[in-house]
There are 2 protein chains.
Amino acid sequence: MEANRVYNFNPGPSMLPLEVLKEAQAEFLNFDNSGMSILEISHRAKQYDEVHNQAKADIKELMGLGDDYEVLFIQGGASMQFDMIPMNFATPEKRGNYILSGSFASKAYKEAEILGRGYVAASSKDVNFKHVPTQDEIKLSDDAAYLHVCYNNTIFGTEYHYIPETGDVPLIADMSSDILSRPLDFSKFSFIYAGVQKNLGPAGVVLVVAKKSMLEKSPEGLPTMLRYDTFYSKNSLYNTPPAFCIYMVGKTAKWIKSQGGLEVMAERNKKKAALVYGAIDNSNGFYTGHADKDSRSFMNVTFRLPTEELEKKFAAEALENGLAGTKGHRSVGGMRTSIYNAMPYEGCEKLADFMEKFRKANA
Amino acid sequence: MEANRVYNFNPGPSMLPLEVLKEAQAEFLNFDNSGMSILEISHRAKQYDEVHNQAKADIKELMGLGDDYEVLFIQGGASMQFDMIPMNFATPEKRGNYILSGSFASKAYKEAEILGRGYVAASSKDVNFKHVPTQDEIKLSDDAAYLHVCYNNTIFGTEYHYIPETGDVPLIADMSSDILSRPLDFSKFSFIYAGVQKNLGPAGVVLVVAKKSMLEKSPEGLPTMLRYDTFYSKNSLYNTPPAFCIYMVGKTAKWIKSQGGLEVMAERNKKKAALVYGAIDNSNGFYTGHADKDSRSFMNVTFRLPTEELEKKFAAEALENGLAGTKGHRSVGGMRTSIYNAMPYEGCEKLADFMEKFRKANA
């Protein structure tokens, strides 16, 4: 770690690869010899076009997806997708099916409900979302327009370790907090989206990777900016895109490629998670994990300490040790340490060491 | 001008103050001693809160607005506002009134029409938008929910030089291309919005400055992310905001303050525009301005040359001389030189000199 930088365990916005930040900093006043900052360059310029299309191509390559998939960049956060998805794909007669596996999964369902187009296909709310529902628990409605899942639940620290089988019903996944963190058979998903501010870039753009057949035609009467066909037909350039965010996403995708792709990310993330979960499991009950072991997230590790006082102390002392953002979400309490792609192994090592020392001093 | 930098006359994204870019570059890896980049910092962190709220306060101060106005930050570009405005403020029985003064003004109207909530109160389409409609030409419908104007028309190079009188009907203005470029009695507007990528920052956020009474309650049944009351009640932090863009807007607002505020901006912009319009008016007809003189924009100067061939040559030779982005929009043809707040006087001087030399060589 560079002097003055901390290990940032915040759930998002969160750490970006230092190499990526340094590259952006170095060319901040003069992008690609244009004499302009990337912030100042026209979105109709050839140089921006290359950034935009290369980012798309690299993402599809990393995901192993072919010509039947398209990449879109949309503003408004995943929350805007909670609205656009039922507006584009559901009707009161053909309802969006939702699995409630956490806070954002439930918010997505709520938005479909505002439109009278939602149906709960499974839920783990009764156990405070400490695991994701199993395949057996999923009951689709007869009129299912799609099944929506939140693939990694940031707040509760759970993640799917299987891909739900839905037959002919399109599978839609919010992957905001685990996008490009591990290889999956992405072709089983019809529509994937992710607010990029956790694993891929700065807040301000949502990545959509979807089957072209889902994007070609939106319902009549829908306003222009809420239609996927607007973004699809104009290569996400109907209006000025959030160019800087897309540029950073492109740089991060290139960085993932340079590191060896999703297999390497997954291997690293597994090792990193093992360090932190190890510190929990070997604490003689001083630390208790929130998530059931078979639903544990590789991205967000949530745990409690014996008292809230100790939890506060933990967060404060961690920060003094250069480990920032360990405080958990109020709905779970305790600690949440987010260890996305850009968190170095050394950061998790330092965290696990700190956990061990803190336990010994306070148990 | 620094070595390697050009004068960028693009219509947006466009030039930002070099001081602002340098400041952002210097603290890019470690914002405010947080050990994190501004790209990585949590939007719930105290340090981000200060950025967010200071930007709001500085903008209101620059506009001379009081406690009855609120500042929001929303994603999706001005185009998303074209949708949200009629969704929040109009109904089929109480229609949004629109003045068609150019391309974006017409797009805003079209979105209201998709919802069956639009009415044309005035138009200068029949003269290819070479001036903005006068007060006398504005005929509000009896059921007017608001009057929407596009205060500066980027593509056609026209700008309002009066504030439309609307009586009790709220006045809504798209100021994307002239926001904070001159002092106005902003209290005559009920709702002002601007995509920031022309005069205030990088693409990726829309600034809304509106009467609180407009924002307090949105219609029932509207999805969360399309409701102004969501943004209002949560200080634009319902979900993760485009933090970097807001940070840059804040820095630019602070820069405007440090330069002396809107009076100083207006004085500079007037002098800059006079240089370029002077080069047109003193060209013996070699250059012909698109806009009528009484509607001329201080921000976007549009003009034609005798032939399209010469126009191409002009753009190419201008670029060789460090003057980028002078090509006009296809709907007007010719040249468009955008001279927003961040364009230095020297840039306009250089442009006027170039225009004179080019004329002499090619007349």
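Procedures and definitions
Residues numbered from 1 in each chain as written. Chains lettered and ligands numbered in written order. Predicted model: local features only at pLDDT ≥ 70, side-chain atom pairs only at ≥ 80, totals over all residues. Heavy atoms only, no water. Salt bridge = Lys/Arg side-chain N within 4 Å of Asp/Glu carboxyl O. Buried < 20%, exposed > 50% of the residue type's maximum accessible area, 1.4 Å probe, protein only. Helix = DSSP H or I, 4+ residues; strand = E, 2+ residues; numbered from the N terminus. Contact = heavy atoms within 4.5 Å. Buried area = accessible area lost by both parts, 1.4 Å probe. Polar contact = N/O pair within 3.5 Å; in protein donor to acceptor, adjacent residues only side chain to side chain. Pairing = 2+ DSSP bridges. Axes fitted to C-alpha atoms, helices over the stretch in contact; angles between N-to-C directions. Expected span 1.5 Å × (residues − 1).

Novice: Before we move on, can you summarise the pattern of salt bridges with the specific residues and values?
Specialist: With the rule as written, the count across this model stands at 36 salt bridges over all chains. Between Arg227(A) and Asp229(A) there is a salt bridge, with its nearest N and O atoms 2.9 Å apart. Side by side, Arg227(A) and Asp229(A) carry an identical accessibility label, which is buried. When the shortest N-O distance is used, the salt bridge between Lys251(B) and Glu27(B) registers 2.9 Å. Remark: Glu27(B) occurs in the loop between helix 1 (18–26) and helix 2 (46–63) and Lys251(B) occurs in helix 7 (residues 243–259); sequence separation between them is 224 residues. Assessed through its relative accessible area of 11%, Lys251(B) is described here as buried. Shared partners join several salt bridges into a network, and the residues in it are Glu23(A), Glu27(A) and Lys251(A).

Novice: Summarise the interface of chain A and chain B; cite the residues concerned and give the values.
Specialist: Note on interface size: it is often stated as the accessible area lost on association of the parts. Listed by partner, the interface residues are 59 residues for chain A and 59 residues for chain B. Between chain A and chain B, roughly 4800 Å² of surface is buried when both sides are summed, and carbon and sulfur atoms account for 61% of that area. On inspection of chain A and its partner chain B, the count reaches two salt bridges. In this structure, the salt-bridge partner of Glu40(B) is Arg5(A), at a minimum N-O distance of 2.6 Å. For the pair chain A and chain B, the number of links is 23 residue pairs in polar contact (both at pLDDT 80 or more).

Novice: Before we move on, could you go through the sheet that holds strand 5 (residues 146–150) of chain B and cite the residues and values that matter?
Specialist: Residues and elements named next belong to chain B. Judged by pairing direction, the sheet is mixed, and its seven strands sit side by side in the order 2-10-9-8-5-3-4 without closing on themselves. Where the open sheet ends on each side, the last strands, each with one partner, are strand 2 (69–74) and strand 4 (118–123). This sheet shows a mean twist of 20 degrees between the axes of neighbouring strands, independent of strand direction. One ladder, built from six bridges, connects strand 2 with strand 10 (residues 206–211); its direction is antiparallel. The partner of leucine 72 across the bridge, within strand 10, is valine 208. Packed on one face of the sheet, helix 2 meets strand 2, strand 9 (191–195) and strand 10 and runs near 130 degrees to strand 2.

Novice: Can you lay out helix 8 (residues 262–281) of chain B for me, pointing to particular residues and giving the numbers?
Specialist: Residues and elements named next belong to chain B. Taking 1.5 Å of rise per residue, the 20 residues of helix 8 would be expected to cover 28 Å, and the 27 Å separating its terminal C-alpha atoms lies within 8% of that figure. Those residues of helix 8 that sit buried are Leu262, Met265, Ala266, Asn269, Lys272, Ala273, Val276, Tyr277, Gly278, Ala279 and Ile280. Buried residues belonging to helix 8 abut helix 2, helix 7, strand 11 (288–289), strand 12 (300–304), strand 14 (335–338) and helix 10 (345–362).

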